[in-house]
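Each chain is listed here by its residues.
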Amino acid sequence: MPQVSEYSPGTPSWVDLATTDVGGAKAFYNQVFGWSYESIPGGGGYEIATLGQGPLAGVMAQPDHMKQMGAPPAWTTYVTVSDVDAATAGAKGAGGNVFVEPMDVMNAGRMAMIQDPTGGIIGLWQGREAGGAAVVNEPGAFTWTDLVTTDVPAASDFYTEVLGWGAIDMTDPQGNPSKMFTVGGAPVASTRSLPDAPTHWAVYFAVADADAAAETVTANDGRLMMEPFDTPPGRMFPAMDPAGAGFAAIQLDPDFDPTAM
């Protein structure tokens, strides 16, 4: 599999899962995506999911403060930044909140978690020894992140200011607002409105066969939110793992060009 060694600032580079059932999550994602796991010495139970020799995601027990808030198990996207402290201050100045203040993660890097004015929570990552996922856009690996929000313009204004993203209008013919976020002209993320859905950053993993992956999800006590369906980027489905964390899987169309939309 191709290895990724470096991420430009503004590029989503890592995802991790905070769950109430680490053992169950590890077993589930092993069956669905073929992941193996490595524990980090002194990492407080943080597990690194791997494909081959490449780290691609994290799995950890849900922190007590999240349980006390009644937050469900969830995936979090992290975006590489050159200076976590400056980006966090920028988020405050742009009307966002700080969910987790900047902190060092041993020698791996420095992180924070911010909340945009519409309610979306995303992580910031300044890598040192760990730059991010070594495997992306391959079956079983992270491939995309998408903000579902009730206010696309406000979210777009926030992230273009804080992360330096470009924003291309992708509003559909029915008038449903959507934006494609870019770094250096290359698509890196998106945002859209979805009636009756809570604001959240959705995490997408690539699969070789969406229909087969959907069957594996249900066979391992996961739940499909929709049956697999075709989209311009590929055939996909949204799902929940057995503990209730949402994710999406997509069988990427190798000929899809998002810049042509």
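None of these values were measured; they are calculated from a predicted model.

Attention now moves to the overall build of the protein. Looking only at helices and strands, the protein features five helices and 17 strands. Taking 18 Å as the expected radius of gyration for a compact globule of 261 residues, we find that the protein reaches 17 Å, a close match to that expectation. The C-alpha extent of the protein, read off along each of the three principal axes, is 45 × 40 × 40 Å. Here the protein holds 261 residues, and the buried ones make up 44% of them. Here the contacts in the protein between residues at least 6 apart in sequence split such that 57% fall between residues at least 24 apart. With an accessible surface of roughly 12,000 Å², the protein has 51% of that area assigned to carbon and sulfur atoms. Between the centroid of the 9 positive side chains of the protein and the centroid of its 30 negative side chains there is a distance of 7 Å.

With that settled, the discussion passes to helix α3 (residues 84-93). When we look at burial in α3, the residues that qualify are Val84, Ala87, Thr88 and Ala91. One face of α3 carries all of its buried residues, which in axial projection span an arc of 100°. Looking one or two residues beyond α3, the residue adopting positive phi is glycine 95, at roughly 95°.

The next subject is the nonpolar core. Tyr29, Trp35, Trp75, Phe205, Phe237 and Phe247 are the most contacted members of the largest nonpolar core, which totals 39 residues. When residues in this core are grouped by element, the largest group, five residues, is from helix α1 (residues 22-33). When sequence neighbours within four positions are dropped, the list of residues in contact with tyrosine 29 reads Leu17, Gly34, Trp35, Tyr37, Trp75, Asp241, Ala245 and Phe247. Grouped together as the second largest cluster of nonpolar side chains are 22 residues, Ala91, Ile114, Ile122 and Ala155 included.

Attention shifts here to the environment of glycine 119. Mapping glycine 119 onto the fold places it in the loop between β7 (109-115) and β8 (121-127). In the structure, glycine 119 is positioned 50 residues away from methionine 69 in sequence and 15 Å away in space, judged by C-alpha atoms.

Moving on, we come to the pattern of salt bridges. By the definition in use, this model includes eight salt bridges. The partner of aspartate 104 in a salt bridge is arginine 128, with the nearest N and O atoms 3.0 Å apart. Note that aspartate 104 is positioned in strand β6 (residues 97-105) and arginine 128 in the loop between β8 and β9 (142-148), a separation of 24 residues in sequence. On the accessibility criterion, aspartate 104 (41% relative accessible area) is partly exposed.

On to the environment of glutamine 251, then. Positionally, glutamine 251 belongs in strand β17 (residues 246-252). Glutamine 251 sits 14 residues away from phenylalanine 237 along the chain, and the two C-alpha atoms are 9.3 Å apart. Not counting the four nearest positions on each side in its chain, glutamine 251 is found in contact with Val207, Ala208, Asp209, Ala210, Pro233, Gly234 and Arg235. Of the polar contacts made by the side chain of glutamine 251, one reaches the backbone nitrogen of alanine 210; its length is 2.9 Å.

Attention shifts here to the packing of aromatic side chains. Applying the stated criterion across every chain, the model contains 19 aromatic pairs. For the ring pair tryptophan 75 and phenylalanine 205, a centre distance of 5.1 Å and an interplane angle of 65° mean the geometry is edge-to-face. On the criterion of sequence distance, the pair formed by tryptophan 75 in strand β5 (residues 74-80) and phenylalanine 205 in strand β13 (residues 200-206) is long-range, its members being 130 residues apart. Considered together, tryptophan 75 and phenylalanine 205 belong to a single accessibility category, that of buried residues. Each member of the aromatic cluster is reached from another via a ring pair, and the members are Phe28, Tyr29, Phe33, Trp35, Trp75, Phe205 and Phe247.

Bringing the sheet that holds β5 into the picture now. With mixed pairing, the eight strands of this open sheet are ordered in space as β2-β3-β4-β1-β5-β8-β7-β6. Of all the strands in the sheet, the pair left with one neighbour each is β2 (36-39) and β6. Within this sheet the neighbouring strands show an average axis-to-axis angle of 30°, counted without direction. Two strands pair when backbone bridges link them, and strand β3 (residues 47-51) and strand β4 (residues 54-61) are joined in this way by five bridges, in the antiparallel orientation. Bridge assignment links alanine 49 to a residue of β4, and that residue is alanine 57.

Reading the values: rules and limits
Residues numbered from 1 in each chain as written. Predicted model: local features only at pLDDT ≥ 70, side-chain atom pairs only at ≥ 80, totals over all residues. Heavy atoms only, no water. Helix = DSSP H or I, 4+ residues; strand = E, 2+ residues; numbered from the N terminus. Rg over C-alpha atoms; globule rule 2.2 N^0.38 Å. Buried < 20%, exposed > 50% of the residue type's maximum accessible area, 1.4 Å probe, protein only. Contact = heavy atoms within 4.5 Å. Areas by Shrake-Rupley, 256 points an atom, 1.4 Å probe, with all protein chains shown as cover. Lys, Arg positive; Asp, Glu negative; His and termini not counted. Charge placed at Lys NZ, Arg CZ, Asp CG, Glu CD. Arc of directions from axis to C-beta. Core = buried A, V, L, I, M, F, W, Y, C linked by side-chain atoms within 4.5 Å. Salt bridge = Lys/Arg side-chain N within 4 Å of Asp/Glu carboxyl O. Polar contact = N/O pair within 3.5 Å; in protein donor to acceptor, adjacent residues only side chain to side chain. Phe/Tyr/Trp six-rings, centres within 6.5 Å; stacked < 30°, edge-to-face > 60°. Pairing = 2+ DSSP bridges. Axes fitted to C-alpha atoms, helices over the stretch in contact; angles between N-to-C directions.

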